[in-house]
Amino acid sequence: MKAMVQDAYGAPQDVLRLRDADPPQPGEREVLVRVAAASVNPADVYFTTGVPRLVRLGTGLRRPRRAVPGGDVAGVVEAAGAGVTRFRPGDAVFGRCAAGGAFAELAVAAEDDLAGKPEGMTFEQAAGVPLAGATALQAIRDVARVRPGQRVLVVGAAGGIGGFAVQLARHYGAEVTGVCGTGGVEHVRGLGAEHVVDYTREDFTAGDVRYDVILDNVAARPLSRVRRVLTPTGILIPNSGRGRLAGLDRIIAVRLMALTSRRRAGTFVARTRREDLTTLAALFEAGSITVPVGATYRLADAAAALAHVAAGHAHGKIVVVP
C-alpha cells in the first residue's frame with residue numbers, strides 16, 4: 001500500500017514521504033479500513049513536527065514511534081478482527097485511529113473508535129468529524145452544559161473545533177458570537193453565529209457584552225482580558241495546544257482564576273468516543289450540523305495539507321484523500 005511515512009521530527013515538507021509500506025494487520029477487536037478520506041488536525045502537526053516538545057513524551061523523545069501519521073479516518077471496512085461484532089467488510093465507517101496511520105491507503109482502528117457513516121454524509125465530511133466534532137461536543141454539551149438563552153463566545157470559530165462549537169451551541173439554544181479573521185467572517189456567519197467579530201479590526205475583549213461561556217481555541221489574548229468579558233459565574237474553556245507547554249500554562253492559569261472567583265474553569269481532556277460519533281452523525285442527518293470541508297489534498301500532498309493547518313488560518317476541515 002501507499003502511505004505517508006516519517007522517520008524523524010521536522011517540518012512536514014521535510015520529513016513526510018510517500019512510500020510503499022506493508023498493510024497493517026487488525027487485532028482481535030480492530031478493523032482494517034480502506035481509507036477514503038482522512039482529515040488533518042493541529043495535533044497531527046504537533047506529532048509530525050515534535051513541537052511543542054512536550055508532545056514527545058507521548059510520541060517518542062528522539063523520533064516518532066509511529067511511522068504513519070493521521071488520526072481521523074473515513075472509509076470502508078476491508079477486514080475485521082475475530083472479536084469484532086459491530087462491523088463487517090463493506091461497511092462504511094468513520095472515526096479515529098488511536099495509534100495513527102490514517103494518511104495511508106489502509107489503516108487500522110479499534111471497533112469502539114468507529115461509527116457507521118450516514119448515507120447522506122460524504123467520506124470527506126465524515127473524516128472531518130471525529131476529533132474536532134467530539135471535542136466541540138464535549139466542550140459545549142458536557143463541560144459548559146450550554147442551555148437556551150446563554151451567550152456563548154467561540155474564539156477561533158472558523159476552524160474545525162470552532163465551527164462545530166458554533167453549530168452545537170446554536171443547537172442547544174445559545175446566542176453565539178464567533179471570533180475569526182477577515183477571511184472567515186462569512187464562513188462563520190454561514191454556520192449560524194448571530195454575531196461575528198473580525199479580530200483584525202476589533203478586540204473582542206474590549207466590548208461591553210459579557211458571555212456565559214467562552215471557548216478559546218486560540219489563546220491569543222491575555223487571560224486577564226478574556227476574563228473581563230466573562231460573566232461573574234461564567235465558564236472559560238481553554239482549548240489551545242500552542243506554546244512551549246502545549247497550552248498547559250493556560251490551563252493552570254484558568255484553574256487559578258476559578259479558585260479566586262465564582263467563575264469556572266472548563267478544563268478537560270477530549271476523547272473520541274463511539275457514542276459521541278453516533279450523536280454527531282444523528283445531528284448531521286437531522287440537519288442540525290454540517291461539516292464544511294475547506295480544502296482537499298491528495299495523499300501525495302499530505303505535507304502541504306499539514307502546512308495549511310499549521311499556518312493557522314484554515315476554514316473548515318482540511319482533508320486528505322488517496
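Residues numbered from 1 in each chain as written. Predicted model: local features only at pLDDT ≥ 70, side-chain atom pairs only at ≥ 80, totals over all residues. Heavy atoms only, no water.

Trainee: It is not clear to me how unusual backbone geometry should be interpreted in this structure. Could you clarify?
Mentor: Most peptide bonds take the trans form, and the phi angle of most residues other than glycine is negative. The omega torsion of the bond from V51 to P52 falls at 0°, within 30 degrees of zero and hence cis. Here P52 shows up in the loop between helix 2 (42–49) and helix 3 (56–59). The phi torsion at A219 lies on the positive side, around 60°, for a residue other than glycine. The residue A219 is located in the loop between strand 11 (211–216) and helix 8 (223–228) in this model. (Helix = DSSP H or I, 4+ residues; strand = E, 2+ residues; numbered from the N terminus.)

Trainee: I would appreciate a short explanation of helix 11 (residues 302–310) in the present structure.
Mentor: Working note: α-helix, 3.6 residues per turn, so residues spaced by three or four point in the same direction. Listed as buried for helix 11 are A302, A303, A305, L306 and V309. The buried side chains of helix 11 occupy one side of the element, clustering within an arc of 160° when seen end-on. With its phi angle positive at about 85°, G312 sits one or two positions after the end of helix 11. (Buried < 20%, exposed > 50% of the residue type's maximum accessible area, 1.4 Å probe, protein only. Arc of directions from axis to C-beta.)

Trainee: How do you make sense of the packing of helix 5 (residues 130–143) against helix 6 (residues 160–171) when you look at a structure like this?
Mentor: For any two helices packed against each other, the geometry comes down to the angle between their axes and how far apart the axes lie. Close contact between helix 5 and helix 6 brings their axes to 8 Å; oriented N to C, the two are set at 45°. The angle between helix 5 and helix 6 falls in the class oblique. The handedness of the crossing between helix 5 and helix 6 comes out as right-handed. Of the residues in helix 6, those in contact with A132, G133, T135, A136, L137 and I140 of helix 5 are G160, I161, F164, A165, L168 and A169. For the contact of helix 5 with helix 6, a count of residues per class yields 9 nonpolar, 3 polar and no charged. (Axes fitted to C-alpha atoms, helices over the stretch in contact; angles between N-to-C directions. Parallel < 35°, antiparallel > 145°, perpendicular 65-115°, else oblique. Left-handed = near helix turned anticlockwise from the far one by under 90°. Contact = heavy atoms within 4.5 Å. Nonpolar A, V, L, I, M, F, W, Y, C, P; charged D, E, K, R; others polar.)

Trainee: What's the story with the pattern of salt bridges in this structure? I'm lost.
Mentor: Proximity of charged atoms lets side chains of opposite charge pair with each other. Under the counting rule described, the total for this entry stands at 16 salt bridges. With its nearest N and O atoms 2.6 Å apart, the salt bridge here joins R86 to D112. Linking R86 in the loop between strand 4 (72–80) and strand 5 (92–96) with D112 in the loop between strand 6 (106–110) and strand 7 (114–116), this pair joins segments that are 26 residues apart in sequence. Given the relative accessible area of 37%, R86 is considered partly exposed. When the shortest N-O distance is used, the salt bridge between D142 and R141 registers 2.6 Å. Salt bridges sharing common partners tie together R141, D142, R273 and D276. (Salt bridge = Lys/Arg side-chain N within 4 Å of Asp/Glu carboxyl O.)

Trainee: Just checking my understanding: could you explain the pairing of strand 11 for this structure?
Mentor: Put simply, side chains in a regular strand alternate between the two faces of the sheet. The buried count for strand 11 comes to 5 of 6 residues, which makes it a mostly enclosed element. Sheet topology note: the strand 11/strand 12 (residues 230–238) ladder contains 5 bridges and is parallel. The residue of strand 12 that forms the bridge with Y211 is L230. Each parallel crossover has a hand, and the one from strand 11 via helix 8 to strand 12 is right-handed. (Pairing = 2+ DSSP bridges. Right-handed = clockwise from strand over helix to strand, strands pointing away.)

Trainee: So what exactly am I meant to see when it comes to the packing of aromatic side chains here?
Mentor: Where two aromatic rings form a pair, the distance of their centres and the angle of their planes describe that pair. For the structure on display, the rule yields 0 aromatic pairs. Of note, K117 hangs over the ring of F123, and the distance from its end group to the ring centre comes to 4.8 Å. (Phe/Tyr/Trp six-rings, centres within 6.5 Å; stacked < 30°, edge-to-face > 60°. Lys NZ or Arg CZ within 6 Å of the ring centre and 35° of its normal.)

Trainee: It is not clear to me how the nonpolar core should be interpreted in this structure. Could you clarify?
Mentor: Soluble globular proteins tend to pack their nonpolar side chains together in the buried interior. Counting 45 residues, the largest nonpolar core has F94, V152, F164 and L168 as the members making the most contacts within it. Once you skip the residues sitting within four places of it in the chain, L168 turns out to touch G133, A136, L137, I140, L283 and I289. With 34 residues, the next largest nonpolar core counts V35, V84, A104 and A107 among its residues. (Core = buried A, V, L, I, M, F, W, Y, C linked by side-chain atoms within 4.5 Å.)

Trainee: Honestly, the environment of A193 in this entry has me stumped. Any pointers?
Mentor: In this structure, A193 sits in the loop between helix 7 (185–190) and strand 10 (195–198). Take A193: its relative accessible area is 5%, and that puts it in the buried class. Non-local contacts of A193, meaning those with residues more than four positions away in its chain, are made with V166, V176, G178 and V188.

Trainee: Could you clarify how one ought to interpret the side chain of K317 in this entry?
Mentor: Summarising the element assignment, K317 is placed in strand 15 (residues 317–321). Comment: no salt bridge for buried K317; closest opposite-charge side chain is D72, at 4.5 Å. Apart from residues no more than four positions distant in its own chain, K317 is found in contact with S39, V40, N41, G128, A132, G160, P292, V293, G294 and A295. (Lys, Arg positive; Asp, Glu negative; His and termini not counted.)

Trainee: Whenever I open this one, helix 6 confuses me. Can you help?
Mentor: Taking 1.5 Å per residue, 12 residues should reach 16 Å; helix 6 reaches 17 Å between its end C-alpha atoms and fits that length. With 9 of 12 residues buried, helix 6 is to be regarded as a mostly interior element. In the segment just after helix 6, G173 is the residue with positive phi, at about 95°. (Expected span 1.5 Å × (residues − 1).)

Trainee: Explain the side chain of S39 here, please?
Mentor: When you line up the elements, S39 lands in strand 3 (residues 30–40). There is a polar contact of 3.2 Å between the side chain of S39 and the side chain of D72. Polar side-chain contacts of S39 include one of 2.7 Å to the backbone oxygen of A127. Once residues lying within four places of it in the same chain are set aside, the contact partners of S39 are D44, D72, F103, A127, G128, K317, I318 and V319. (Polar contact = N/O pair within 3.5 Å; in protein donor to acceptor, adjacent residues only side chain to side chain.)

Trainee: Can you walk me through the sheet that holds strand 12 in this structure?
Mentor: Strands pair in a sheet through their backbones, by hydrogen bonds, and they do so in one of two ways: parallel or antiparallel. Spatially, 10-9-8-11-12-13 is the arrangement adopted by the 6 strands of the open sheet, whose pairing is parallel. Across the chains shown, the open sheet's two edge strands, defined by having one partner strand only, are strand 10 and strand 13 (264–265). Taken together, the 5 bridges between strand 8 (residues 151–155) and strand 9 (residues 175–180) define a ladder with parallel strand orientation. Across the sheet, the residue bridging to R151 is E175, located in strand 9. Set on the sheet, helix 6 makes contact with strand 8, strand 9 and strand 11; between it and strand 8 the angle comes to about 170°. Sitting on the sheet, helix 9 (residues 248–259) touches strand 11, strand 12 and strand 13, and the angle it makes with strand 12 is about 160°.

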